[in-house]
Amino acid sequence: MNVILLGPPGAGKGTQAKRVAQAFGLKHLSSGDILRAERKAGTELGKKAQEFMDAGKLVPDDLVVSMMVAQIDGPDAGDGVLLDGFPRTRLQAEALDAKLAGVGKKIDRVVDLVVADDKVAGRLMGRRSCSKCGAVYHVEFNPPKAEGQCDNGCGELTIRPDDTEEVVRQRLETYHEQTAPLTAYYRDKALLREVDGAKTVDEVAVSVESACR
Ligand code: G5P
Ligand code: MG
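Predicted, not measured: the structure shown is a model, and the values here were computed from it. For every chain, the first residue of the written sequence is number 1, and numbering continues from 1 along that sequence. As they are written, the chains are lettered A onward and the ligands numbered 1 onward, keeping that order. Since the coordinates come from a predicted model, pLDDT governs what is reported: local features require at least 70, and pairs of side-chain atoms require 80 or more to be given and counted, while whole-chain, interface and lining totals use all residues. To obtain the side-chain values, all non-hydrogen atoms of the structure were included, while hydrogens and water were left out.

(A) Highlighting unusual backbone geometry. Residue P87 is reached from F86 by a cis peptide bond, and omega for that bond is 0°. Note on placement: P87 falls in the loop between β3 (81-84) and α5 (90-102). Of note in this structure, A190 is not a glycine but carries a positive phi near 60°. Owing to a relative accessible area of 70%, A190 belongs among the exposed residues under this scheme. By the criteria applied, helices consist of DSSP H or I runs no shorter than four residues and strands consist of E runs no shorter than two, each listed in order from the N terminus. Throughout this description, buried means an accessible area under 20% of the type-specific maximum (1.4 Å probe, protein chains only), exposed means over 50%, and partly exposed covers the range between.

(B) Structural detail: the site of ligand 1. The local shell around ligand 1 holds 37 residues, among which T15, K57, R127, R171 and K199 are the closest. At 2.9 Å from an oxygen atom of ligand 1 is found a side-chain nitrogen or oxygen belonging to R36. The term polar contact refers here to a pair of N or O atoms within 3.5 Å; inside protein, the definition further demands a hydrogen-donor-capable atom paired with an acceptor-capable atom, and it admits residues adjacent in sequence only when both atoms are side-chain atoms. In this structure, G85 approaches ligand 1 through a main-chain N or O atom, which is 2.9 Å from a nitrogen atom. Expressed as a share of its isolated accessible area of 1100 Å², the protein-covered part of ligand 1 is 97%. Nonpolar residues are Ala, Val, Leu, Ile, Met, Phe, Trp, Tyr, Cys and Pro. Charged residues are Asp, Glu, Lys and Arg, and all others, Gly as well, are polar. Residue composition of the shell around ligand 1, by class: 15 nonpolar, 12 polar and 10 charged. The nearness test applies per residue and asks whether one of its heavy atoms lies within 4 Å of the molecule or strand. Only the protein chains shown count as cover for residues, and the accessible areas themselves come from Shrake-Rupley with a 1.4 Å probe.

(C) Region of the structure containing the packing of aromatic side chains. Working definition: a ring pair exists when centres of Phe, Tyr or Trp rings (six-membered ring for Trp) sit within 6.5 Å. Plane angles under 30 degrees give stacked, over 60 give edge-to-face, the rest tilted. Under the criterion given, the structure shown has one aromatic pair. Ring centres 4.9 Å apart and planes at 85° place the aromatic pair Y185 and Y186 in the edge-to-face group. Of the two residues examined, Y185 and Y186, each falls in the buried class.

(D) The sheet that holds strand β2 (residues 27-30), seen in detail. DSSP calls a pair of strands paired once it identifies at least 2 bridges connecting them. Spatial strand order, β2-β3-β1-β4-β7: five strands in an open sheet with parallel pairing. Each of the sheet's edge strands pairs with one partner strand only, and the pair in question is β2 and β7 (192-196). Strand-to-strand twist of the sheet, defined as the mean angle between neighbouring strand axes without regard to direction, takes the value 20°. Summarising the sheet, β2 and β3 pair through four bridges and their orientation is parallel. Bridge pairing in β3 places H28 opposite L82. Running at roughly 65° to β2, helix α2 (residues 31-41) makes contact with β2 and β3 of the sheet. Every axis corresponds to a line fitted to the C-alpha atoms, with the helix fit spanning only the stretch in contact, and the corresponding angles, defined between N-to-C directions, vary from 0 to 180 degrees. The contact rule is simple, with two residues in contact once any of their heavy atoms fall within 4.5 Å.

Below, the structure is given as structure tokens:
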């Protein structure tokens, strides 16, 4: 099974993707996490992506498509992939369809996490992330056991550099202009299932898992 998790910045894609991937034995592929790892490693791709990410704009399609296609095709794809943050444009969605069709596969489900802009902004301002294990927390909604420390013993939690008020505003604008239209693309293919993402993490997880079945 191959699943796409759609939704605005801060909708909970990463949080839910970790759970769903484990529940269904899927490989979790987050384009944002992969780009951040490229930046950390100082690769050419990471350097090219940096200015777009810091400005809340999309990294150019050609760079992201080749990066993601290489991962989808990897030997460890398991029972399928769970795509988080990809595709984000019509061109990326079409490139993904073409890639999967070429290897006799397809997208089986697209789950859209629906959360209003004012709510996601509050989530992003309070998000704390572990740069070592990738765990994601929120100071109020999903706090770590010890303030500022990862529950998995990795040490200090960090604030993502694109979680500032100005960049969050730009990320939301980018989402509405370029990514939200993908819901129509997948609705037309009868793949889209909408989930109310404005509840607790556990409540949303139940709805996402049932939308995947
Ligand atoms: P990313 O990394 O893909 P975004 O902006 O799409 O970034 P982000 O910020 O990672 O998405 P998320 O994964 O949807 O958000 O949300 P999350 O991290 O799980 O949760 C956010 C907060 O809410 C956390 O504090 C969490 O605890 C809390 N929370 C989560 N779920 C719930 C819930 O159910 N209830 C409650 N109450 N709270 C919850 O992309 C970053 C950049 O990389 C580039 C772009 O520049 C982009 O801006 N990029 C791409 N560019 C081009 N094409 C692509 N395909 C690209 N992918 C990435
Ligand atoms: Mg994420």
